[in-house]
Amino acid sequence: AIELCVVAVDWEVPSKAETRFGLCTSYMKTQAAGATVMCSVKASSIVLPADDKAPIIMAGMGTGLAPWRALTQHKVMQKQAGIEVGPCWFF
């Protein structure tokens with residue numbers, strides 16, 4: 001199973017006096033929790049330090065929250081498994 005962290009996107013176009021809606025987020029908004037949807041998973045372009053104890057500063061500009069949520073969940077899992085992890089900050 002894959003968990004998704006989705007923000008519904010809509011924006012105003014002042015020159016046309018209309019509201020536009022994100023294609024994928026509008027579709028996701030119509031789906032019930034637990035629905036099966038087709039998706040693809042691609043390798044991340046985020047490069048992390050090899051040392052689990054190295055501090056990580058996360059900024060969600062452009063990428064949003066989702067990749068950092070996944071990384072934070074991974075770090076929590078590591079810590080629960082007894083692996084020493086460094087501090088993480090999200091802005």
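For the structure, see preceding data.
Only a predicted model underlies this, so the values are computations on that prediction, with no experimental measurement involved.

**Observations concerning the overall build of the chain**
Here is step 1: Along the backbone of the chain there are 2 helices and 4 strands.
Here is step 2: Across the chain, helices and strands are ordered from the amino to the carboxyl terminus as β-β-α-β-α-β.
Here is step 3: At 17 Å, the chain has a C-alpha radius of gyration far larger than the 12 Å of a compact globule built from 91 residues.
Here is step 4: Structurally, the chain occupies a C-alpha span of about 55 × 30 × 20 Å along its principal axes.
Here is step 5: Put simply, of all contacts in the chain between residues at least 6 apart along the chain, 47% involve residues at least 24 apart.
Here is step 6: In the structure as shown, the chain presents an accessible area of about 7500 Å², 62% of it carried by carbon and sulfur atoms.
Here is step 7: Averaging the coordinates of the 8 positive side-chain charges in the chain and doing the same for the 7 negative ones gives two points 3 Å apart.

**Some details on the environment of Asp52**
Here is step 1: One can find Asp52 in the loop between helix H1 (23–29) and strand S3 (56–58).
Here is step 2: Distance in space between the C-alpha atoms of Asp52 and Ala33 is 34 Å, their sequence separation being 19 residues.
Here is step 3: Among all residues touching Asp52, those that are not within four sequence positions of it are Lys75, Gln78, Ile83, Glu84, Val85 and Gly86.

**A few points about the pairing of strand S2 (residues 18–21)**
Here is step 1: Bridge analysis of strand S1 (residues 10–13) against S2 gives 4 bridges, and the strand direction is antiparallel. What sits directly across from Val13, in S2, is Glu18.
Here is step 2: Linking two consecutive strands that pair antiparallel, namely S1 and S2, is a turn of 4 residues; a positive phi of about 50° is found at Ala17 within it.

**Comments concerning the side chain of Gln78**
Here is step 1: Take Gln78: it is sitting in helix H2 (residues 66–80).
Here is step 2: Setting aside its immediate chain neighbours within four residues, Gln78 contacts Asp52, Ile83 and Val85.

**Structural notes on a nonpolar patch on the surface**
Here is step 1: A contiguous nonpolar surface patch, about 390 Å² in accessible area, is contributed by Ile2, Leu4, Val6 and Val41.
Here is step 2: For Leu4, the location among the structural elements is in the segment before S1.

**Looking at unusual backbone geometry**
Here is step 1: Although it is not a glycine, Ala17 sits at a positive phi angle of roughly 50°.
Here is step 2: Summarising the element assignment, Ala17 is placed in the loop between S1 and S2.

**What to know about the state of the cysteines**
Disulfide: a covalent bond connecting the sulfur atoms of a pair of cysteines.
Here is step 1: Summed over the entire model, instances satisfying the criterion amount to 0 disulfides.
Here is step 2: Between Cys39, a free cysteine, and Cys24, which holds the nearest cysteine sulfur, the sulfur-to-sulfur gap is 11 Å.
Here is step 3: Here Cys39 falls in the partly exposed class, since its relative accessible area comes to 49%.

Quick notes on the rules
Residues numbered from 1 in each chain as written. Predicted model: local features only at pLDDT ≥ 70, side-chain atom pairs only at ≥ 80, totals over all residues. Heavy atoms only, no water. Helix = DSSP H or I, 4+ residues; strand = E, 2+ residues; numbered from the N terminus. Rg over C-alpha atoms; globule rule 2.2 N^0.38 Å. Contact = heavy atoms within 4.5 Å. Areas by Shrake-Rupley, 256 points an atom, 1.4 Å probe, with all protein chains shown as cover. Lys, Arg positive; Asp, Glu negative; His and termini not counted. Charge placed at Lys NZ, Arg CZ, Asp CG, Glu CD. Pairing = 2+ DSSP bridges. Patch = residues over 30% accessible without salt bridge, like charges linked within 9 Å, V, L, I, M, F, W, Y side chains within 5 Å. Salt bridge = Lys/Arg side-chain N within 4 Å of Asp/Glu carboxyl O. Disulfide = S-S within 2.5 Å. Buried < 20%, exposed > 50% of the residue type's maximum accessible area, 1.4 Å probe, protein only.

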